[in-house]
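# Reading the structure
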Amino acid sequence: MRNSKYNSVLRTLLYVKPHWYLIVISTLAGVLKLTLPLMLPQVLKYFTDQVLAPDSIFTADQKIHEIYKWLFLMLFCFICIYIPAAFLREAGSQEVSNRIMHTMRCQLYDHLQLMGARFHQENKSGELVTRISSDVEQVHGFIWNVATNVWIDSIILGVYLYLMLCVNIPLTIVAFITLPISVITTREIRKRIRKSSRQTQDEISGISGYLQERMAGFAVVKLFHMEEHEMEQFGNISRTIYRFTRRRNRFSSLGVSVTAAFSEIISAVIVCLSALNIINGKMTIGDLIVFYSYLGYLVTPLRRFADLNVVFARTIAGIERVYEILDSTPDIVEKADAVPLDPDAKMSIDFSHVTFCYNSENSVPNLNDISFSIREGEKIALVGSSGCGKTTIVNLLARFYDIDSGSILLSGRPLQDYTLSSLYGQMGMVFQDTILFSGTIAENLRYGKPDATLEEMEKAAKAANAWDFIRKCPNGWDTLLGERGIGLSGGQKQRLSIARVFLRNPRLLILDEATSALDSESEQLVQEALDKLMESRTSIVIAHRLSTIMGVDKIIVMDGGRIVETGKHEELLQRNGRYSELYNMQFGEVIGRGCPSLLSEPQTSGLPRPAAG
Ligand SMILES: Nc1ncnc2c1ncn2[C@@H]1O[C@H](COP(=O)(O)OP(=O)(O)OP(=O)(O)O)[C@@H](O)[C@H]1O
Ligand SMILES: [Mg+2]
């Protein structure tokens, strides 16, 4: 654990390395910013001991001259040195953290693009967003506190120590022993107050949830005549909050008084000891002023030192979470000698004894000994009850996951031999859940082909039955979708996603339940678009509604991760096996609903989804 923290710090420092000069500038500027105000007590001492003292050697005019001289000098220092130094301290550190955050954010995002389906499934998208946004922000705390403040404060404490020692050695020792004790005690008390505040806050949040529920459900309370019980219950909850709040209030009042008294006591002791030293002639009144002022200045760097471990732990924990992602290795990697998939080669797919399991700990594989072939231009359908492994087959074909054993050949070569970009370049997919990004309709379509012209887009939209509604949108192609834009119906979204695939013009098409979520009217428009999309393309169709796949070249029937039957619709029906079982189940349901017209024209009608999947 300690070792990993050490490594994370070293690793973060490597990010800092190219910007080291900014860190140096920021640190030096920080030292200057904090040392300049030390001038004030020294000037005060000079005025008290030399200029304004009853036995001063200066004449009245000289005194006025001295005062103006120091006024101008201080104004010069604060305007011409302090302001630029304070600016450089802030801007330097912020620039470094901003640059590093930019680098890390991009690295994280680039890395996430490489990660496969398995990774995205294991990591909730919300958590990944937090890592890119807020965990990366922790770099700022690291740069501000760990990379710069520590050095600034160390130097500053050294300067204070030197200046105070110059005034009086025993007094300095007293101050440097008692002040840290006071700072640490204050910190501990603050921690306790925070803890008890959190408890109170939790209780208060609890009561609002309780109240909301009871107010909304007042009818139940009345009907069951539980008013008395409710009053008693609420009284108990409120009493608990009262006790927690009382404890917190007492604690914080005590804490505030003790810590305030602590620093006053130290000041009182120092003032009195200084006074004694003045009587003994070991200090002047000016020295007392200097010493007393520095005592106040000392508190800030000491407090920051005391809090350093907390700040360090918090920032490094955030940064470590970023490294965790950056260190995760993509499970799907392109071979070093991967070749592009030749767009002119004959498209063929051969699954041979493929076995695959999502989770290596599972004893039963999700796909078991799967073998089938598809030739160029063929259309095949995968059917079977829910969970039998249809989507898994296309996940493997798209290399979202790699197989455990067996082989998948594409155009005669193992899938893993191809570059991922060439593979995806020739593959088009339409799923049940359409994913469109917020942005304009045109931007979403161009996801299929970034350099598509308006003519090409219009052609694709027409082919996908999407042109009619795009034309009617308020700003046509430039209509915004998503949160800030208009909402589209499920069918419109699906047709837009089909237009996107048309633009890409893939040779291999995969449709996974593309029409399942639609009502029959939008389904018809989408189905027409899909039929056009499938023309002259090698296609794999997954559909629960058997009516949509009856015309395909081959139907592969699956059950429990295995292929149980293969053949054309009529052959499979005659075989009286699993397929005819599924078929009868769907038609049985239709008959049960009294919809005989569908029975007489099964080829042209969309059948309802079967009850058992
Ligand atoms: N990401 C995953 N991690 C673990 N198991 C999974 C994952 N995806 C699917 N499975 C399991 O693999 C089996 C096959 O799932 P698959 O999604 O291929 O079924 P399907 O035939 O497409 O079902 P449906 O018709 O409901 O879409 C199921 O038992 C499912 O629980
Ligand atoms: Mg599925």
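Check the entry above for the structure.
The rules behind these values
Residues numbered from 1 in each chain as written. Chains lettered and ligands numbered in written order. Predicted model: local features only at pLDDT ≥ 70, side-chain atom pairs only at ≥ 80, totals over all residues. Near = placed C-beta within 6 Å. Helix = DSSP H or I, 4+ residues; strand = E, 2+ residues; numbered from the N terminus. Nonpolar A, V, L, I, M, F, W, Y, C, P; charged D, E, K, R; others polar. Pairing = 2+ DSSP bridges. Buried ≥ 20, exposed ≤ 12 C-beta atoms within 10 Å, placed from the backbone. Right-handed = clockwise from strand over helix to strand, strands pointing away.

## Quick notes on the site of ligand 1
Looking at ligand 1, the residues that line it are Gln121, Tyr358, Asn359, Asn366, Gly384, Ser386, Gly387, Cys388, Gly389, Lys390, Thr391 and Thr392. If you tally residues by element for the shell around ligand 1, the top one is helix H11 (residues 390-397), at 3 residues. Tallied by class, the residues present in the shell around ligand 1 amount to 2 nonpolar, 9 polar and 1 charged.

## Section: the pairing of strand S1 (residues 349-356)
Relative to strand S2 (residues 367-374), S1 runs antiparallel, the two sharing 5 bridges. Bridging from a neighbouring strand, Phe356 pairs with Leu367 of S2. By the bridge criterion, 5 bridges tie S1 to strand S4 (residues 405-410) in an arrangement that is antiparallel. The residue bridging Phe351 from the neighbouring strand is Ile408, located in S4.

## Some remarks on the pairing of strand S9 (residues 508-512)
Summarising burial for S9: 5 of the 5 residues are buried, a large majority. Residues Leu508, Ile510 and Asp512 point to one face of S9 and Leu509 and Leu511 to the other, with burial holding for every one of them. Here strand S6 (residues 427-430) runs beside S9; their pairing, made up of 4 bridges, is parallel. Counterpart to Met429 in the pairing with S9 is Ile510. As judged from the 5 bridges shared by S9 and strand S10 (residues 538-542), these two strands associate in the parallel manner. Across the sheet, residue Leu511 finds its bridge partner in S10, namely Val541. Note that the unit made of S9, helix H17 (residues 520-534) and S10 has a crossover that is right-handed.

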